[in-house]
Amino acid sequence: GETDKAYDYFKRAFEQNPSQVPTLYFIAKMNHEKGDDEKARGFIKKCLEGNFSALCSISREQAQALADEFAEKYPDCDVEMQHGGQPTYCYILSVE
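A short note on helix H1 (residues 2-16)
Side chains three or four residues apart in an α-helix point the same way, a direct result of the helix having 3.6 residues per turn. Spanning 15 residues, H1 covers 21 Å between terminal C-alpha atoms, matching the ideal 21 Å at 1.5 Å per step. Listing the buried residues of H1 in full gives Tyr7, Phe10 and Phe14. Axial view of H1: buried residues confined to an arc of 65°, hence all on one face. Residues Glu2, Lys5, Glu15 and Gln16 are exposed on H1 and point more than 90 degrees away from its buried face. Those residues of H1 hidden inside the fold are in contact with helix H2 (21-33) and helix H3 (37-49).

Pasting the structure below:
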């Protein structure tokens, strides 16, 4: 009952924003729980290409390109880019 309602909710959210990682994750999880691992893997793959927050307007590729640009401009510095893991900080770029 409730699982079907939740799945319908996440499917509608996916239709509105197909790159929102939390939505993709929960759809993947629910497909896995239903025994459809192939479909679950497809949504997990999309997670890796998606935006990690509705507030995050930069893609993983754009953040990595910025980190690469810093590393090239400042070869004496260590540059690292990490997923921030929260809605406010999509990516954390650290330079030492």
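Here we look at the pattern of salt bridges
By the definition in use, this model includes two salt bridges. Among the salt bridges present, the one from glutamate 2 reaches lysine 5, with a minimum N-O distance of 3.7 Å. Of this pair, glutamate 2 and lysine 5 both sit in helix H1, separated by three residues, roughly a single helical turn. Note that glutamate 33 is salt-bridged to lysine 29, the shortest N-O span being 2.8 Å. One end of the pair is glutamate 33 and the other is lysine 29, both in helix H2 and four residues apart, which spans about a single turn.

Thresholds, definitions, all that
Residues numbered from 1 in each chain as written. Predicted model: local features only at pLDDT ≥ 70, side-chain atom pairs only at ≥ 80, totals over all residues. Heavy atoms only, no water. Helix = DSSP H or I, 4+ residues; strand = E, 2+ residues; numbered from the N terminus. Expected span 1.5 Å × (residues − 1). Buried < 20%, exposed > 50% of the residue type's maximum accessible area, 1.4 Å probe, protein only. Arc of directions from axis to C-beta. Contact = heavy atoms within 4.5 Å. Salt bridge = Lys/Arg side-chain N within 4 Å of Asp/Glu carboxyl O.

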